[in-house]
Amino acid sequence: MADKGVVKVLGMCGSLRKSSFNRAALRAAAELLPDGMTLTVADIAAIPLYNEDVRQAGFPPPVQSLREAIAAADALLFATPEYNYSMPGVLKNAIDWASRPPDQPFNGKPVAIMGATSGLWGTSRAQYHLRQSCVFLNMLPINKPEVLIAQAQTKFNDKGELTDETTRKLIKEHLEALIACTQRLAA
Ligand SMILES: Cc1cc2nc3c(=O)[nH]c(=O)nc-3n(C[C@H](O)[C@H](O)[C@H](O)COP(=O)(O)O)c2cc1C
């Protein structure tokens, strides 16, 4: 941790849409941060589709910025929708780009995961796919409590505010587990 005691978290959202429930969940997380934690959210909208030929010529600027932001963060927070039982392509694509050598920036990072869907299963299948990628990239995903936001349309109001107290509590506890893990690693 660069500033002693402050855990800097980089958020990444798997949805690009303006009224995204997952983006709204990241805004809720920003309100629920434990003391000593900051959150900034990466913009992954400009990241091109992965192409190894392009990589060999040099990381495109939006990828380079993302890689630097990940490297500078003490921990990560993913908010992902579920698309066809997996994580959306935009998020996987951003992870794929950022994961390429040299200095794979995800290595050893504690990571919190949450997901919101209008469906009934709260993005569980997307989150397990995301967890698989976290394992390969040697991230350290927080296991509990899981933040599975099902039927999101009933949990956020029309201003995109998270009104469901149970979900707010789960996000708060998940972030507390993230800061504890990050501080343990830094000790
Ligand atoms: C291509 C596509 C596939 C989807 N597949 C699933 C799915 O497998 N499971 C699920 O619960 N919801 C699925 N959904 C619904 C999304 O989870 C829902 O639209 C969600 O609100 C998207 O997240 P956002 O609000 O952050 O944009 C799918 C939506 C799209 C566009």
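Now for a quick tour of the structure. These numbers come from a predicted model, not from an experiment.

Cut-off values and rules
Residues numbered from 1 in each chain as written. Predicted model: local features only at pLDDT ≥ 70, side-chain atom pairs only at ≥ 80, totals over all residues. Heavy atoms only, no water. Helix = DSSP H or I, 4+ residues; strand = E, 2+ residues; numbered from the N terminus. Buried < 20%, exposed > 50% of the residue type's maximum accessible area, 1.4 Å probe, protein only. Areas by Shrake-Rupley, 256 points an atom, 1.4 Å probe, with all protein chains shown as cover. Lys, Arg positive; Asp, Glu negative; His and termini not counted. Charge placed at Lys NZ, Arg CZ, Asp CG, Glu CD. Salt bridge = Lys/Arg side-chain N within 4 Å of Asp/Glu carboxyl O. Near = heavy atom within 4 Å. Polar contact = N/O pair within 3.5 Å; in protein donor to acceptor, adjacent residues only side chain to side chain. Nonpolar A, V, L, I, M, F, W, Y, C, P; charged D, E, K, R; others polar. Pairing = 2+ DSSP bridges. Right-handed = clockwise from strand over helix to strand, strands pointing away. Contact = heavy atoms within 4.5 Å.

**Here's the deal with the overall build of the chain**
Move 1: Within the chain, the regular secondary structure consists of 6 helices and 6 strands.
Move 2: Counting only C-alpha atoms and orienting by the principal axes, one finds that the chain spans roughly 45 × 40 × 25 Å.
Move 3: Taken across its 187 residues, the chain has 48% of its residues classed as buried.
Move 4: Counting every atom, the chain has about 9,300 Å² of accessible surface; 54% of that belongs to carbon and sulfur.
Move 5: Both charge centroids of the chain, one from 20 positive and one from 18 negative side chains, sit 2 Å from each other.

**Examining the pattern of salt bridges**
Move 1: This structure, assessed with the given rule, holds 7 salt bridges.
Move 2: It is possible to trace a salt-bridge network through shared partners that takes in Glu-52, Arg-55 and Arg-100.

**Examining the site of the ligand**
Move 1: As a matter of local geometry, the ligand sits amid 13 residues, with Ser-15, Arg-17, Ser-20, Asn-22 and Thr-117 nearest to it.
Move 2: At 2.7 Å, a side-chain N or O of Ser-15 approaches an oxygen atom of the ligand.
Move 3: Note that a nitrogen atom of the ligand is positioned 2.8 Å from one of the backbone N or O atoms of Asn-84.
Move 4: In the shell around the ligand, the residues fall into 4 nonpolar, 7 polar and 2 charged.

**Description of the pairing of strand E3 (residues 75-79)**
Move 1: Of all the 5 residues making up E3, 5 are buried; the element is thus mostly covered by neighbouring parts of the structure.
Move 2: With burial as the criterion, each face of E3 is covered, one bearing Ala-75, Leu-77 and Ala-79 and the other bearing Leu-76 and Phe-78.
Move 3: Pairing of strand E1 (residues 7-13) with E3 involves 5 bridges; the strand directions are parallel. Of the residues in E3, the one forming a bridge with Met-12 is Phe-78.
Move 4: Pairing of E3 with strand E4 (residues 110-116), which is carried by 4 bridges, proceeds in the parallel orientation. Looking at E4, one finds that Leu-76 is bridged to Val-111.
Move 5: Taken together, E3, helix H4 (residues 89-98) and E4 form a β-α-β motif whose crossover is right-handed.

**Focus: the environment of Gln-104**
Move 1: Take Gln-104: it is sitting in the loop between H4 and E4.
Move 2: With 12 residues separating them in the primary sequence, Gln-104 and Ala-116 have C-alpha atoms 28 Å apart.
Move 3: In contact with Gln-104, other than residues within four places in its own chain, are Ser-99 and Leu-137.
Move 4: Among the polar contacts listed, one links the side chain of Gln-104 to the backbone nitrogen of Phe-106, at a separation of 2.6 Å.
Move 5: Of the polar contacts made by the side chain of Gln-104, one reaches the backbone nitrogen of Asn-107; its length is 3.2 Å.

**Focus on the pairing of strand E2 (residues 37-41)**
Move 1: Relative to E2, E1 runs parallel, the two sharing 5 bridges. Across the sheet, the residue bridging to Lys-8 is Thr-38, located in E2.
Move 2: As for the winding sense of the linkage, the β-α-β connection from E1 through helix H1 (residues 21-31) to E2 is right-handed.

**Topic: the side chain of Arg-67**
Move 1: Inspection of the secondary structure puts Arg-67 in helix H3 (residues 61-72).
Move 2: Polar side-chain contacts of Arg-67 include one of 2.6 Å to the backbone oxygen of Pro-102.
Move 3: In this structure, Arg-67 is in contact with Phe-59, Trp-97, Ala-98, Arg-100, Pro-101, Pro-102, Asp-103 and Pro-105, ignoring residues within four places of it in sequence.

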